Amino acid sequence: MAELEKTYHPENVETRRYEEWEASGAFKPTGNDNADAFTIVIPPPNVTGSLHMGHALNNTLQDILTRYHRMRGAAALWQTGTDHAGIATQMVVERMLEAEGAKRTDLGRDKFVERVWEWKEHSGGTITAQLRRLGASCDWSRERFTMDEGLSKAVLKVFVDLYKQGLIYRDKRLVNWDPKLLTAISDLEVEQREIRGKMWYFKYPIDGQDGQFITVGTTRPETMLGDTGVAVHPDDERYQGLIGQFVVLPIVGRRIPIFADAYADPEKGSGAVKITPGHDFNDFEVGKRAGLDIINIFDANAHLNENAPEKYQGMERFKAREVVLAEMEELGLLDRVEDNDMTVPHGDRSGVVIEPWLMDQWFVDAATLAKPAIEAVESGKTKFVPKNWENTYFEWMRNIQPWCVSRQLWWGHQIPAWFGPDGAVFVELSEEEAQAAAKAHYGKDVALTRDPDVLDTWFSSALWPFSTLGWPDKTPELAKHYPTDVLITGFDIIFFWVARMMMMGLHFMGEVPFHKVYIHALVRDEKGQKMSKSKGNVMDPLDLVEKFGADALRFTLTASAAQGRDVKMSESRVEGYRNFCTKIWNAARFCDMNECRPVGGFDPAAVNSTLNRWIVCKTADVEAAMRGALEAYRFNGAAGALYSFTWNTFCDWYLEFAKPVFSGSDEAAKAETRATAAWVLDQIVILLHPIMPFITEELWQTRGNRAGPLITTRWPEYGAGLANAAANQEMDWVVRLISQVRAVRAEMNVPPAAKIPLLLKDAGEGARAALETHKDLIVRLARLDSAELLAGTMPQGAVQDVLDEATLILPIAGAIDLGAEKSRLEKEIAKQDAEITRFEKKLGNDKFVANAPEDVVETEREKLADAQAVRAKLKDALRRLTAAA
RNA sequence: GGGCGGUUAGCUCAGCUGGGAGAGCGUCUGGUUUACACCCAGAAGGUCGGGGGUUCGAUUCCCUCACCGCCCACCA
């Protein structure tokens, strides 16, 4: 056994252990061919990205589940890869070109895309290296990229199939146009920002009635150049006489109708509203109803185009606003100005104001695809954890809009659509097939032009759970690992990603892509602020890894990951869990020093001493707690149970009690305690491994001759031992432990209720020496009267078990208020009475027995029997207590 | 306008099915005893946001108010 250093140094361990794991193929799901599959697909990080705290949390949780299920014997696959991140990546490379004094358009499409690939090869691996540093045990041999050959094939097939099924179509409608990035974006990529703006009221002269005006309000004066009508509410008394008349649009001189439409709200503004169908989503609908002209006044850069009066042509939109206002004022047509709080759409990548712009784009019929995806969650085929996110999902899915999937970018999957000379479109898997289709259509070969647009990045992400497993080919991986077990992600991409994977998975695979969706919260700084570069409060997970080790960071994130709560990170907490690593390390050192070595064939159920029986029982408890917590996705619960068991139960109590045994002369007790201590430490190492893989692997391998590394050690063999250990424990250990405590006290001349300072003052020489030697333990013993024991150190659910033994414990401990105990017992009995009545009533209800599922009824019967048994025990205890008193 | 979440010790937060008010950090006291000062022992500190209800019993369930945060929609 190698001698352990005094403190644990993660920097000497983590990278080395990780490389060993990866090189040995430990991350591949090949451990057990007959095993059940356990599958997680990673939310593919942007290839341009670097690891932030959200990634660290997200991937730690995935790794915990993967390692946990792998150790439990599953063929665990954590499918990894990265996303091509269309706009983000294109922007990065464009900025690089700018620095070289070049422009994307100078290079041309092919050369540019080549540059992006080059960039990806050189710099795209940052995030995957960082994930390794964190300890992520994903199967790198299966790493995919959304633009690699296989995934691109999947994208093409999905697009073509959906097109031929009528679920993708080309349409001319208003889209969100980003005038900086020069592309359309989807509704989700539009971010509404609060702006303190103004409302300007314009007077529009009525045609043919000098001096008569109708006043309209607007927050965007420049759009008046594209007005083609003025709407008033059909019932609005004020304007009845004007309906059907015309106004002469100032500056432009266009004659446009005043018409009735319920869209105009008499309560708002002047009650009359200018209609600009070309540049406002609502106005577009109103204009369509009223048959208004649609005039587009902007070019792609949101500068005024040839449809605007000459002096405005080429003018930038906000400049045009000023000029319009000045001109209107000069004309005496600016009625008034008011402050107006409003939200203005901005591009989430570019940050500029989004312009509604009329153009041809490709759309996915999301409403049709959403139906089965809604049903799957309604029926529980896919469940969200925490469940309340299902509301968010339903809300969005039930009101889903067509998804604009075409982007005017160069980096991405180019849309497989070709146009003929007359604009007819041919959507096929390849140019050859498109040519063939065109020939069939035209009766001759024609020149085709491919649509230059690419697909929204999220289009390929939507296929991730099956495309990464080989689809459209029928691979063994696809058969074994789809549907995946659980998706772990943040709430911010429920719409972008989760919902779309549900739609695509159900449509193309006929099954949900995952059975569970675990939604974790955002990682914030310690004050609860969202981390952002501009606030300067960003914590780099890699800095924390450097400083405290990956295990400490992982444990911190895990312990903070309470359901439905934001995770607040603070360095002091990471430091605390670094200390926890040291604590474990030193417990192992202590065990080594005392020759506690793993004993082959050790049977935890066969130990004899009270101390050892107790710790074995507690170990079984913590294993059950950890397993239960993980299976309910209560990561913090698992971390908390292991933390307090390791530190408080094992180190503070068990090892302290073990010291007198080790220094004593009872060789048999010594041997058993050594073996037990070694076994418990092994259990701690095993149980902690999913959360803290590095230190546990290091301890596992340095603390004895092992058949293999911990990561590939299978858990069930240990789990069986634990179940056995728990089952064979007698429940009188509390009493026996108290007896032992009393014996130790007696040996040391320590009166049970003594206070330490008093003892020090009054103790005789022998006692003083004992006190000096064993002070910490004695302080603990002094604290450990039966009340403490009752409250703190019992196995779970033990209140009632101990009450059963109350009459035995009470006289021994002698420190308990008998009256209080009596009333407590009486209360417990009353509670059981109530329970019994409730169950009896329920089981006496014929309708319930007849209609409820059998197992439910059976459970109720069991509960009744339990309650009756507990009540009998309580009664007995009460009787004995009364007798004793 | 619709929806979701939060309000527990000085700070950051746990508290799963109603019965003990908790952890870490910080503060104070005492300790370097051969696992650990990244430690040990001990202490102080909370009317679990306000009010009402259900219950033998509410931090926990229901209603309501206040404040904070987030998401969606709308915005002439």
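Source: prediction; values computed, not measured.

1. Re the overall build of chain A
Across its full length, chain A holds 34 helices and 25 strands. Among the 885 residues that make up chain A, the fraction classed as buried is 53%. Contacts in chain A between residues far apart in sequence, at least 24 positions, make up 76% of those at least 6 positions apart. Here chain A has roughly 38900 Å² of accessible surface; of this, 49% comes from carbon and sulfur atoms.

2. Some words on the pattern of salt bridges
In total, this model carries 43 salt bridges according to the counting rule given. Of the charged contacts, one joins Glu 327 and Lys 311 as a salt bridge, the two residues approaching to 3.1 Å between their closest N and O atoms. Of the two residues, Glu 327 is situated in helix α9 (residues 317-330) and Lys 311 in the loop between α8 (281-290) and α9; the sequence distance between them amounts to 16 residues. Take Lys 311: its relative accessible area is 52%, and that puts it in the exposed class. Residue Arg 627 pairs with Glu 623 through a salt bridge whose shortest N-O separation is 2.5 Å. Here Arg 627 and its partner Glu 623 are both found in helix α20 (residues 610-631), 4 residues apart, which amounts to about one turn of the helix. Since its relative accessible area comes to 25%, Arg 627 is described here as partly exposed. Where salt bridges share partners, they join Arg 220, Glu 222, Arg 317, Arg 321 and Glu 355 into one cluster.

3. Overview of the packing of aromatic side chains
Counted according to the given criterion, the structure contains 36 aromatic pairs. Ring geometry for Trp 117 and Trp 411: centres 5.3 Å apart, planes at 80°, overall edge-to-face. You can see Trp 117 sitting in helix α5 (residues 109-123) and its partner Trp 411 sitting in the loop between β17 (406-407) and β18 (417-419), a full 294 residues away along the chain. With relative accessibility at 28%, the residue Trp 117 sits in the partly exposed group. Judged by relative accessible area, Trp 411 falls into the buried class, the value being 1%.

4. A few points about the pairing of strand β9 (residues 229-232)
Burial along β9 is two-sided: Gly 229 and Ala 231 and Val 230 and Val 232, pointing in opposite directions, are all buried. Both β9 and strand β12 (residues 272-275) contribute to a ladder of 4 bridges, which runs antiparallel. Residue pairing across strands places Val 232 opposite Ala 272, the latter belonging to β12. Judged from the 3 bridges that link them, β9 and strand β11 (residues 255-260) form a sheet pairing that is parallel. Its bridge partner being in β11, Ala 231 is matched across the sheet by Phe 259.

5. Quick notes on the layout of surface pockets
Space inside the second largest pocket adds up to approximately 1400 Å³. Taken together, 47 residues line the second largest pocket, and the ones lying closest to its centre are Thr 219, Arg 220, Tyr 263, Asp 280 and Asn 282. In terms of residue count, the dominant contributor to the lining of the second largest pocket is strand β7 (residues 190-205) (9 residues). The class makeup of the residues in the lining of the second largest pocket is 17 nonpolar, 16 polar and 14 charged.

6. With respect to the pairing of strand β1 (residues 37-41)
Counted residue by residue, β1 has 4 buried out of 5 residues, so it is predominantly covered. In this fold, the crossover linking β1 to strand β2 (residues 75-79) by way of helix α2 (residues 53-71) has right-handed handedness.

7. Let's talk about a negative patch on the surface
Together, Glu 11, Asp 540, Asp 543 and Glu 546 give the surface a local cluster of negative charge. Relative to the helices and strands, Glu 546 is located in helix α17 (residues 541-548).

8. Points about the environment of Tyr 201
Tracing the chain through its elements places Tyr 201 in strand β7. Relative accessible area serves as the criterion here: at 4%, Tyr 201 is assigned to the buried category. Expressed as a C-alpha distance, the spacing of Tyr 201 and Ile 214, which sit 13 residues apart in the sequence, is 10.0 Å. Other than its neighbours up to four places away in sequence, Tyr 201 contacts Thr 215, Val 216, Gly 217, Gly 269, Ser 270, Leu 333, Leu 334, Asp 335, Arg 336 and Glu 338. Only 3.4 Å separates the side chain of Tyr 201 from the side chain of Glu 338, close enough to count as a polar contact.

9. Observations concerning the confidence of the model for chain A
In this model, chain A carries a mean pLDDT of 81, and residues with pLDDT of at least 70 account for 79%. Element-level mean pLDDT values for chain A span from 27 in helix α31 (residues 806-813) up to 96 in helix α14 (residues 464-467). Taken as a whole, residues 730-774 scores under 50 in pLDDT and shows 60 contacts with residues more than four places along the chain or in a different chain. Every residue in residues 781-818 is under pLDDT 50, and counting partners more than four places away or in other chains gives 73 contacts.

10. Brief notes about the sheet that holds strand β5 (residues 168-178)
The 4 strands lie next to each other as β6-β5-β14-β16, forming an open sheet whose pairing is antiparallel. At either end of the open sheet lies a strand with only one pairing partner, and these are β6 (183-185) and β16 (403-404). As judged from the 2 bridges shared by strand β14 (residues 355-364) and β16, these two strands associate in the antiparallel manner. Opposite Val 364, over in β16, you have Trp 403 as the bridge partner.

11. Re the nonpolar core
Counting 159 residues, the largest nonpolar core has Tyr 393, Phe 459, Met 504, Phe 635 and Phe 650 as its most contacted members. The greatest single-element share of this core, amounting to 14 residues, is contributed by helix α21 (residues 635-663). Not counting residues within four places of it along the chain, the set of residues in contact with Phe 459 comprises Val 155, Val 158, Phe 159, Ile 168, Val 364, Trp 403, Val 405 and Met 504.

12. Some thoughts on the sheet that holds β18
Taken together, the 3 strands give an open sheet; going across it, the order is β19-β18-β20, and neighbouring strands pair in antiparallel fashion. Looking at strand neighbours, the two that pair on one side only are β19 (425-427) and β20 (449-450), the edges of this open sheet. Summarising the sheet, β18 and β19 pair through 3 bridges and their orientation is antiparallel. For Trp 418, the partnering residue across the bridge sits in β19 and is Phe 426. The strands touched by helix α12 (residues 431-442) within the sheet are β18 and β19, with β19 carrying the most contacts at an inclination of about 140°.

13. Quick notes on helix α19 (residues 571-593)
Helix length check: α19 (23 residues) gives 33 Å between terminal C-alpha atoms against 33 Å at 1.5 Å per residue, within 8%. Glu 595 occupies a position one or two residues after α19 and carries a positive phi of about 60°.

14. A closer look at helix α10 (residues 366-378)
For α10, which comprises 13 residues, the first-to-last C-alpha distance of 18 Å matches the rise-based estimate of 18 Å (1.5 Å per residue) to within 8%. Turning to α10, its buried residues number three or more, namely Ala 366, Leu 369, Ala 370, Ala 373, Ile 374, Ala 376 and Val 377. Each element contacted by the buried residues of α10 is listed here: α7 (149-164), β14, β15 (383-385), α11 (389-398), β16 and α16 (494-509). Positive phi appears at Gly 380, one or two residues downstream of α10, with a value of about 85°.

Definitions and cut-offs
- Residues numbered from 1 in each chain as written.
- Chains lettered and ligands numbered in written order.
- Predicted model: local features only at pLDDT ≥ 70, side-chain atom pairs only at ≥ 80, totals over all residues.
- Heavy atoms only, no water.
- Helix = DSSP H or I, 4+ residues; strand = E, 2+ residues; numbered from the N terminus.
- Buried < 20%, exposed > 50% of the residue type's maximum accessible area, 1.4 Å probe, protein only.
- Contact = heavy atoms within 4.5 Å.
- Areas by Shrake-Rupley, 256 points an atom, 1.4 Å probe, with all protein chains shown as cover.
- Salt bridge = Lys/Arg side-chain N within 4 Å of Asp/Glu carboxyl O.
- Phe/Tyr/Trp six-rings, centres within 6.5 Å; stacked < 30°, edge-to-face > 60°.
- Pairing = 2+ DSSP bridges.
- 1 Å grid on protein atoms, 1.4 Å probe; cavity = no way out; pocket = protein on both sides within 12 Å on 5 of 7 lines; lining within 4 Å.
- Points joined across faces, edges and corners; volume = space filled by probe spheres on them.
- Nonpolar A, V, L, I, M, F, W, Y, C, P; charged D, E, K, R; others polar.
- Right-handed = clockwise from strand over helix to strand, strands pointing away.
- Patch = residues over 30% accessible without salt bridge, like charges linked within 9 Å, V, L, I, M, F, W, Y side chains within 5 Å.
- Lys, Arg positive; Asp, Glu negative; His and termini not counted.
- Charge placed at Lys NZ, Arg CZ, Asp CG, Glu CD.
- Polar contact = N/O pair within 3.5 Å; in protein donor to acceptor, adjacent residues only side chain to side chain.
- pLDDT = per-residue confidence, 0-100.
- Core = buried A, V, L, I, M, F, W, Y, C linked by side-chain atoms within 4.5 Å.
- Axes fitted to C-alpha atoms, helices over the stretch in contact; angles between N-to-C directions.
- Expected span 1.5 Å × (residues − 1).

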